[in-house]
Amino acid sequence: HVQLVESGGGSVQAGGSLRLSCTASQLTYHRYCLGWFRQAPGKEREGVAYIDSEGTIKYAPVVEGRFTISRDDAKGTLYLQMNDLKPEDTAMYYCAANRLFPSRPLAERFYNYWGQGTQVTVS
């Protein structure tokens, strides 16, 4: 069991930046595979970025080169640095976790634990 809490969302102009954080309550957080997902109104939830316990990283093509995922397991925190934001990035952003290595890292069905979400609005 692990509880996740996102923070760092907000409203920014196109081309701006935000850094999202996700803090975990679980002491064994360092063993988990972690992902960032987002969902805009009327659209399905989509995977944004992934990082596992071995440091392997995967990005959705639409954000690669603009977003950077990282983790600080000593602090139990996952980050998503978001640069050159576009209106299409507007969504509720969620962090997710699973102890198992997913066969499809950006597929939400492979994750068991989810945060409550933080809103990102780009205008």
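Just above, that's the structure.
Residues numbered from 1 in each chain as written. Predicted model: local features only at pLDDT ≥ 70, side-chain atom pairs only at ≥ 80, totals over all residues. Heavy atoms only, no water.

**Observations regarding the environment of arginine 38**
Part 1 of the argument: If you trace the backbone, arginine 38 turns up in strand β4 (residues 33-39).
Part 2 of the argument: Here arginine 38 falls in the buried class, since its relative accessible area comes to 4%.
Part 3 of the argument: A sequence separation of 81 residues divides arginine 38 from glutamine 119, and the C-alpha atoms of the two residues are 9.2 Å apart.
Part 4 of the argument: With residues up to four places along the chain from it excluded, the contact list for arginine 38 reads Glu44, Arg45, Glu46, Val48, Val62, Val63, Phe67, Glu88, Asp89, Ala91, Met92 and Tyr93.
Part 5 of the argument: Only 2.6 Å separates the side chain of arginine 38 from the side chain of glutamate 46, close enough to count as a polar contact.
Part 6 of the argument: Here the side chain of arginine 38 touches tyrosine 93 through a polar contact of 2.9 Å, side chain to side chain. (Helix = DSSP H or I, 4+ residues; strand = E, 2+ residues; numbered from the N terminus. Buried < 20%, exposed > 50% of the residue type's maximum accessible area, 1.4 Å probe, protein only. Contact = heavy atoms within 4.5 Å. Polar contact = N/O pair within 3.5 Å; in protein donor to acceptor, adjacent residues only side chain to side chain.)

**Side note on the nonpolar core**
Nonpolar side chains in soluble globular proteins tend to be buried together.
Part 1 of the argument: Counting 30 residues, the largest nonpolar core has Trp36, Leu78, Leu80 and Tyr93 as the members making the most contacts within it.
Part 2 of the argument: Those elements that provide at least two residues to this core are β3 (18-24), β4, β5 (46-51), β7 (67-72), β8 (77-82), β9 (91-98) and β11 (118-122).
Part 3 of the argument: Not counting residues up to four positions away in its chain, the partners in contact with leucine 80 are Leu18, Arg19, Leu20, Trp36, Val48, Ala49, Phe67, Thr68, Ile69 and Tyr93.
Part 4 of the argument: Among the nonpolar cores identified, the runner-up in size contains five residues, and Cys33, Tyr50, Ala96 and Tyr111 belong to it. (Core = buried A, V, L, I, M, F, W, Y, C linked by side-chain atoms within 4.5 Å.)

**Quick notes on the pattern of salt bridges**
Part 1 of the argument: Considering all chains together, one arrives at five salt bridges under this definition.
Part 2 of the argument: Notably, a salt bridge pairs arginine 66 with aspartate 89, separated by 2.8 Å at the nearest N-O pair. Placement of arginine 66 in the loop between β6 (57-59) and β7 and of aspartate 89 in the loop between β8 and β9 is noted, with a sequence separation of 23 residues between them. The same class applies to arginine 66 as to aspartate 89, namely buried.
Part 3 of the argument: With a shortest N-O distance of 2.9 Å, aspartate 73 and arginine 71 are connected by a salt bridge.
Part 4 of the argument: What makes aspartate 73 partly exposed here is its relative accessible area of 30%.
Part 5 of the argument: A single network of salt bridges, built from pairs that share partners, joins Arg38, Glu46, Arg66 and Asp89. (Salt bridge = Lys/Arg side-chain N within 4 Å of Asp/Glu carboxyl O.)

**Digging into the state of the cysteines**
Part 1 of the argument: In this structure the tally under the stated criterion is one disulfide.
Part 2 of the argument: Bridging cysteine 22 to cysteine 95, the disulfide has an S-S length of 2.0 Å. Note on the cysteine 22 and cysteine 95 pair: the S-S dihedral is about 60°, so by sign convention the disulfide is right-handed. Here cysteine 95 lies in strand β9 and cysteine 22 lies in strand β3, a separation of 73 residues in the sequence. Summarising the burial analysis for this pair, cysteine 22 and cysteine 95 share the class buried. (Disulfide = S-S within 2.5 Å.)

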